[in-house]
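# A structural walkthrough
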Amino acid sequence: MNDQKPHSGSRPKEEKFFGIGASKGIAIGPAYLLVNSEIENPTGKLEKGKEEQEVERFTTALYRSEKELEKIERVTTQKLGQAYSDLFHAQIMLLHDSILTESIVERIRKEQKTAQLAIEEEFDNYLQHFNSSNDAHFQERAQDLVDIKNRIIRNLHNRKLQSKVPEGMIIVSTSLSPADIILFSRNNVKGFVTETGGKTSHVSLICKSLNIPIIVGLSNFTQKVDPGMLLVIDGGEGKAITRPSEETVRTYLDIITEESKIQAEVCKLASAPAITKCGIRLHFFSNIDVKEEIPSIKNAGAEGVGLFRSETLFIDSSKPPLEDEQAEYYMEMAEALQPEPLVIRLFDIGGDKLIYSPIREPNPNLGWRGIRILIDVPDILERQIRAILKANRWENIQILLPMISSLDEIMAIRKELEKHVDALFESGKSINKPELGAMIEIPSAVEIIDEITKAVDFISIGTNDLIQYTLAVDRNNEIVQDLFDKFHPAIIRQLQRVIATACSNNCRVALCGDMGSDPLALPFLIGCGLKEFSVVSADIPRLKSLARCFTVAETRELVKECLSLPTATEIKDRLKTFVAGHAPDLAL
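As a starting point, this report considers the structure included with it. (Residues numbered from 1 in each chain as written. Predicted model: local features only at pLDDT ≥ 70, side-chain atom pairs only at ≥ 80, totals over all residues. Heavy atoms only, no water.)

## A few points about the pattern of salt bridges
As enumerated under the stated definition, the model contains 35 salt bridges in all. Between Glu-121 and Lys-113 there is a salt bridge; the shortest N-O distance is 2.7 Å. Judged by its relative accessible area of 18%, Lys-113 falls in the buried class. A salt bridge links Glu-332 to Lys-291; its shortest N-O distance comes to 2.9 Å. One end of the pair, Glu-332, is in helix H10 (residues 323-337); the other, Lys-291, is in the loop between strand E11 (281-288) and helix H9 (294-299), with 41 residues separating them in the sequence. Judged by its relative accessible area of 37%, Glu-332 is partly exposed. Through salt bridges with shared partners, one network takes in Arg-107, Glu-111, Lys-113, Glu-121 and Glu-122. (Salt bridge = Lys/Arg side-chain N within 4 Å of Asp/Glu carboxyl O. Buried < 20%, exposed > 50% of the residue type's maximum accessible area, 1.4 Å probe, protein only. Helix = DSSP H or I, 4+ residues; strand = E, 2+ residues; numbered from the N terminus.)

## Examining the packing of helix H20 (residues 552-564) against helix H21 (residues 568-582)
In the contact formed by H20 and H21, the axes pass within 10 Å of each other and the chain directions differ by 160 degrees. Here H20 is positioned roughly antiparallel relative to H21, judged by the angle of their axes. Here H20 and H21 pass one another in a crossing that is right-handed. Between H20 and H21, the residues in contact are Glu-554, Thr-555, Leu-558, Glu-561 and Cys-562 and Ile-571, Arg-574, Leu-575, Phe-578 and His-582, respectively. Taken together, the residues of the contact of H20 with H21 sort by class into five nonpolar, two polar and three charged. (Axes fitted to C-alpha atoms, helices over the stretch in contact; angles between N-to-C directions. Parallel < 35°, antiparallel > 145°, perpendicular 65-115°, else oblique. Left-handed = near helix turned anticlockwise from the far one by under 90°. Contact = heavy atoms within 4.5 Å. Nonpolar A, V, L, I, M, F, W, Y, C, P; charged D, E, K, R; others polar.)

## Things to note about the pairing of strand E14 (residues 397-401)
Judged by how many residues are buried, E14 sits mostly within the fold: five of five residues are covered. Burial along E14 is two-sided: Ile-397, Ile-399 and Leu-401 facing one way and Gln-398 and Leu-400 facing the other are all buried. In this structure, strand E13 (residues 342-345) lies alongside E14, joined through four bridges in parallel fashion. Residue pairing in the sheet places Val-343 in a bridge with Gln-398 of E14. Strand direction decides the pairing type here: E14 and strand E15 (residues 435-440), joined by four bridges, are parallel. Pairing of Gln-398 across the sheet is with Glu-435, part of E15. For the segment spanning E14, helix H13 (residues 407-426) and E15, crossover handedness is right-handed. (Pairing = 2+ DSSP bridges. Right-handed = clockwise from strand over helix to strand, strands pointing away.)

## Quick look at the state of the cysteines
Note: disulfide means a covalent bond formed between the sulfur atoms of two cysteine side chains. Summed over the entire model, instances satisfying the criterion amount to zero disulfides. Free cysteine Cys-562: the closest other cysteine sulfur is in Cys-528, separated by 8.8 Å. Residue class for Cys-562 comes out buried when judged on its relative accessible area of 1%. (Disulfide = S-S within 2.5 Å.)

## Structural notes on the packing of aromatic side chains
Under the counting rule described, the total for this entry stands at five aromatic pairs. Relative to Tyr-329, the ring of Phe-308 has its centre 6.0 Å away and its plane inclined at 20 degrees; by these criteria the two rings are stacked. One end of the pair, Phe-308, is in strand E12 (residues 305-309); the other, Tyr-329, is in helix H10, and 21 residues separate them in sequence. With respect to class, Phe-308 is no different from Tyr-329; both count as buried. Ring plane angle 75 degrees and centroid distance 6.4 Å describe the contact between Phe-308 and Tyr-330, whose orientation is recorded as edge-to-face. (Phe/Tyr/Trp six-rings, centres within 6.5 Å; stacked < 30°, edge-to-face > 60°.)

## Describing helix H16 (residues 463-471)
The buried fraction of H16 is high, at eight of nine residues. Those residues of H16 not exposed but buried are Thr-463, Asn-464, Asp-465, Leu-466, Ile-467, Gln-468, Tyr-469 and Leu-471. Where H16 is buried, its residues contact helix H14 (443-447), strand E16 (458-461), helix H17 (489-504) and strand E17 (508-511). Positioned one or two residues after H16, Ala-472 has a phi angle of 55 degrees, which is positive.

In structure tokens, the structure reads:
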């Protein structure tokens, strides 16, 4: 159960703390502190004859948990659509898992254990084995299992579900579940701060979809906050300010006001093409996670989808979606977008993404993930390729390969694609073969970029992982977060080389990482020759307006200057000066 818990003692007037910005936006408001109060676990055995009474307590707790999840599922469907509500449907299915429930009942009856102890032990067994078992239930994400376990135990003790908080609060907690986010969003909360979590967690994805700022991975922050304390949070920078001064509050209120004005102004021209001051046409596409986002991307002025993260289809289940299910999903998207493009990235599973791997790895980000899993598990690859081919009736689908590190990987996928094109054609189906592209997000791909851009139809630069692997900095690790710098000289030199090589080889090149949304990076990327950007939909109107303020000749000179600078600080300072000089109203 979550309770407001006050802290005592004096604190400095204003302090700044940095975590991981997982959903953009600025919020100013009082803190609502949610601290998980421990439920004491009774020790010792049940009194003889109390077993059936304890089984009944457990059964009642399951029933209450199911009713709660059904309510959350309905609310989620209304707010975000089917894709996210299926997450809670999967949790309901786990409550009906006879293997799990019967094992708990058996512990109560035969071992005379309390229901809570039996639940703890059985779920702990699941948590220990979910990564190493082939059973689909054991491959669910650990946090989902923890959420379900805690829900059942809370209901076992008749603790009320906290689904309401005062309006206008910023919620601070050790951790939050997807259900917490959905329920609290009905109370018009301004933002969230958690001590755990990462950018790719369900919680972060839901906050992005709801346009609520959240900072995750801000260690021990609950110890720095008193209930009702005024906070400022910046979900873009990952910055939280406690007890902000009047001047700080005014500064951020001005930023919010200015952001609103700018957003209103740039949205007027959102649907207009992005053309530089010298007449060069640029193209802006959207990165999306679910098909329900398509209506909103059109309103933002996107010219299609430059990155569909297809691995979100795994949210419904720990096992790969069926071929026909995928085909129907992709077809709906392609039809809604046509004639605009739909770039489907093949399942990028493993690593810090959704768990598929049945083995436990010491460093999953450098292990079995992305294209490696697709090649090693042909069933997953075949289903997805065949589904895409069946869905491409409007000829607007393109395939993007994740985590490419060698030319052999591209050749293996192209061979697989050709095989299924031929097989479907021979079966009498009319097939439109999609273009094939490669993600450039590993330094080895940068080193062989000449060969890659001659082997594919297009490339898309994934700056998030490229920065992570080049600088050896885990982007979800708050301890080294300050070292994750998109303007590091090594990064901007790689970008210039990749874009220039692609252009010289007549290979289309796009950028789909977070760097594409940064106003400071825009003139540099234009100067390198980049003309295609795939970004968060909400950022498109401003980026289009900003692009209209530059000439390509000016940005090329800027690139020359930046490539000669030895530090990220100097590069950022030069970019800030350039943007402020050309578009002061858009330089926030």
